[in-house]
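Architecture and fold: a report
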Protein chains: 4
Amino acid sequence: MATEPEAGVDRLILFSDGVMAIAITLLILPLTEIEPARGATLADVAAENWGALFAFALSFAVIANYWTIHHAIFRPVRRQNSPLVLLNMLWLAAIVFLPFPTSLIEHELDGGFATLYICNLLAISALNLLIDNYLLHHPELTDGQAIDETREHVMGSAFSVAALVIALIISFFSAAVGVWALLLLFPAQVIAGRVSRKSPLARLK
Amino acid sequence: MATEPEAGVDRLILFSDGVMAIAITLLILPLTEIEPARGATLADVAAENWGALFAFALSFAVIANYWTIHHAIFRPVRRQNSPLVLLNMLWLAAIVFLPFPTSLIEHELDGGFATLYICNLLAISALNLLIDNYLLHHPELTDGQAIDETREHVMGSAFSVAALVIALIISFFSAAVGVWALLLLFPAQVIAGRVSRKSPLARLK
Amino acid sequence: MATEPEAGVDRLILFSDGVMAIAITLLILPLTEIEPARGATLADVAAENWGALFAFALSFAVIANYWTIHHAIFRPVRRQNSPLVLLNMLWLAAIVFLPFPTSLIEHELDGGFATLYICNLLAISALNLLIDNYLLHHPELTDGQAIDETREHVMGSAFSVAALVIALIISFFSAAVGVWALLLLFPAQVIAGRVSRKSPLARLK
Amino acid sequence: MATEPEAGVDRLILFSDGVMAIAITLLILPLTEIEPARGATLADVAAENWGALFAFALSFAVIANYWTIHHAIFRPVRRQNSPLVLLNMLWLAAIVFLPFPTSLIEHELDGGFATLYICNLLAISALNLLIDNYLLHHPELTDGQAIDETREHVMGSAFSVAALVIALIISFFSAAVGVWALLLLFPAQVIAGRVSRKSPLARLK
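Attention in this report is confined to the structure presented alongside it. (Residues numbered from 1 in each chain as written. Chains lettered and ligands numbered in written order. Predicted model: local features only at pLDDT ≥ 70, side-chain atom pairs only at ≥ 80, totals over all residues. Heavy atoms only, no water.)

Facing the 34 residues of chain D at the interface are 38 residues of chain C. Between chain D and chain C, roughly 3100 Å² of surface is buried when both sides are summed, and carbon and sulfur atoms account for 74% of that area. Between Asp17 of chain C and Arg11 of chain D there is a salt bridge whose closest N-O contact spans 2.6 Å. Our enumeration of links across chain D and chain C arrives at 4 residue pairs in polar contact (both at pLDDT 80 or more). Where the side of chain D that touches chain C is concerned, the elements lending two or more residues are β1 (7-8), α1 (10-26), α5 (82-97), α6 (99-107) and α7 (113-137) of chain D. With 9 residues, α1 of chain D is the single largest residue contributor to the side of chain D that touches chain C. The residue inventory of the side of chain D that touches chain C, partitioned by class, reads 23 nonpolar, 8 polar and 3 charged. (Contact = heavy atoms within 4.5 Å. Buried area = accessible area lost by both parts, 1.4 Å probe. Salt bridge = Lys/Arg side-chain N within 4 Å of Asp/Glu carboxyl O. Polar contact = N/O pair within 3.5 Å; in protein donor to acceptor, adjacent residues only side chain to side chain. Helix = DSSP H or I, 4+ residues; strand = E, 2+ residues; numbered from the N terminus. Nonpolar A, V, L, I, M, F, W, Y, C, P; charged D, E, K, R; others polar.)

See below:
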């Protein structure tokens, strides 16, 4: 990474939004390459490609969800430095990688493909946790009033990591059940939100 | 979705514009994969691929039109909250999905493919209506002066939904006529605009 | 198009930039699908695909050039209205369409493909001229001081249209010479710039 | 290029970010086209496609790195003129081109493909050097206080060019060693940063 000092974070956020917007839109490409057999009906196409349709819906929801998390994490951030840029680039690399395991699980869940998919999500959530933690220890990069907010995000990311580790362990026994266990991610975030809001320092702003 | 409180809406709009810009541009990809047979002329290529050319033009017009509607709906919006983000993400999912039915109707209208295409548009317009309605009941997310404007958008979206339901019913009888009936969308919007402007509360700004 | 009144033009410009950025980047996709034969060297790959390499370079230069023209035209624009949005969407449709004739001329210039390519550029330049002209007659959409600038752009677009009409006519006799005649576009712009700067009202700012 | 006078640089930076965001995301496309054989495990897929995985990781790191350099170079820039736009467009063309040699080295390093890849990076770094140098001689385009910063970027770009020339020469003898020599880029930037910070005029801001 370049040797720049702290600087405004606007371009980093715009670049990240661009990458996420493209990654979420590219998910439709495998579906556009489906050529229905002569005389096939919509029901035939759906029956043959339900795996691809499910994988599209799952990964769309996952990236949309990580976008809202990225948005929440970076809201108080005002300046960037090289470690934050590096962590964010690793985070983006994990987002951009997601269409690859997505296309693998369209074909097959077993053989380790579901595990790769869950590991990819785990990498994104772990990087969330690292970014949250980095910001907590570098309040000079933020607007200075949002420490409670960042602490709440740490808890949210930690709950996500825990939910993903559970899904990962399940996937070693049954790939399909492991993928369904990803739905644990959504209650994990809601619980994390409730727990941290009950704390006495909860959000003022 | 993450547990963030209300916040500025700039990043949500930028992300949405990015997604729409990519979805509208990806529509050309099926056309770039055409390889003309040796000795074929432009007339041959056009004759063989008029379905793809028509589908490109139709979906481009549709996404461009929904972009202007999204622009109009979000103009008075100043803050976001979790339900608005969720509704907008569902809206984007329906936009990103559009290239899939587009590529299906390039091959074949019958067999339910035209119906899927129209249902996709119906989903987008219905989400428009839900977003309009949500904003009407949450004026605290807007700049407070645009209630008439939002009310007009509700009418515009309702007219679109009605035009699409008509096209959908027609498509059950004849897929081709159903697709042509989509052109009802454009007069529906013009009429909606006229009706709401005649109302005594019509736009001041 | 939706029935919105005049409004700030920022989102329209951002959306246009997104579309152009994607269209210019998608040009590389056909090249990434080249799979060199076993034992082939770079010289072999280049010899087999020089048409694709040339078409990539030409269309990249064309879109980059039209981006600078769009930037120049929209610099003084402050507000949008429905006709301007419609003209801009047609302009974007012509930009998004360009990868299609680009991929056709990668295979073959004759048979009308070079003519389609030149017609596509002609459509973009003609829309430039229409947008310039529309702004000239609607100074209320601009910052009010840039009429001379817009008049200069009208002349630049008119020169481009003229150069493209010449290239189009040449392409009827020889497709290859017609494509080379596109290089007339660059001196046309330089001449247009010189002519309009010599006029007594030339740019003050 | 159009004949515009100096103007704000925001749209140029946004357009560049868009292009880089798309180029970095498109790198995943070749991986999404992998269809594992029936009964293949993740280990089989990884073993067959390690070249594609390595090429993805390498090119992602390369573009992410060039993004941070572009960010650093353009931080003090406030205005643009035609030569700067032209240099930036050439720079973007070299970035957009990168997925092509990336897809070639996925198949084969020998036969000149690794050399093409390194030449592509050399073109980007050489254009960095030209842009830095241009800004150094046109301080009127910058905010006027960042000459030392720009001088430091000249040194960083020069070190990158030197590291790439070494990798290029190595690649003539062994393509694989030449690619590994690209890792010299990272220490080159760190050294460049240290050297220029020790100079008495080092950054104040």
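Okay, back to it.
Another aspect to go through is the interface of chain B and chain A. Listed as interface residues are 34 residues of chain B and, on the opposing side, 38 residues of chain A. Taken together, the connections running from chain B to chain A amount to 1 salt bridge. Our enumeration of links across chain B and chain A arrives at 4 residue pairs in polar contact (both at pLDDT 80 or more). When residues in the side of chain B that touches chain A are grouped by element, the largest group, 9 residues, is from helix α1 (residues 10-26) of chain B.

Now for the side chain of Ser171 of chain A. Residues and elements named next belong to chain A. Position of Ser171 relative to the elements: it lies in helix α8 (residues 147-173). A distance of 3.2 Å separates the side chain of Ser171 from the side chain of Thr115, its partner in a polar contact. One polar contact links the side chain of Ser171 to the main-chain carbonyl oxygen of Leu168, over a distance of 2.7 Å. Not counting the four nearest positions on each side in its chain, Ser171 is found in contact with Thr115, Ile118 and Gly178.

Of the transformation superimposing chain D on chain C, the axial component is 0.0 Å and the angular component is 90°, with the fit at an RMSD of 0.0 Å. What the superposition gives is, in effect, a four-fold axis relating one chain to the other. An asymmetric contact is evident, with only 9% of the interface residues of chain D recurring at the interface of chain C. (Least-squares fit on C-alpha atoms with pLDDT ≥ 70 in both.)

All names here are of chain D. Residues Trp50, Phe54, Trp180, Leu183 and Phe186 make up a contiguous nonpolar surface patch of roughly 570 Å² in combined accessible area. For Trp180, the location among the structural elements is in helix α9 (residues 175-180). In this structure Trp180 comes out as exposed when scored by relative accessible area, which is 54%. (Patch = residues over 30% accessible without salt bridge, like charges linked within 9 Å, V, L, I, M, F, W, Y side chains within 5 Å. Areas by Shrake-Rupley, 256 points an atom, 1.4 Å probe, with all protein chains shown as cover. Buried < 20%, exposed > 50% of the residue type's maximum accessible area, 1.4 Å probe, protein only.)

This structure, assessed with the given rule, holds 24 aromatic pairs over all chains. Relative to Phe97 of chain D, the ring of Phe56 of chain C has its centre 5.8 Å away and its plane inclined at 45°; by these criteria the two rings are tilted. Separated into two different chains, Phe56 of chain C in helix α4 (residues 50-74) and Phe97 of chain D in helix α5 make up a pair that spans both. The pair Phe56 of chain C / Phe97 of chain D is uniform in exposure class, with both members buried. Aromatic side chains Tyr66 of chain C and Trp91 of chain C sit 6.5 Å apart centroid to centroid with 85° between the ring planes, which places their arrangement in the edge-to-face category. One end of the pair, Tyr66 of chain C, is in helix α4; the other, Trp91 of chain C, is in helix α5 (residues 82-97), and 25 residues separate them in sequence. (Phe/Tyr/Trp six-rings, centres within 6.5 Å; stacked < 30°, edge-to-face > 60°.)

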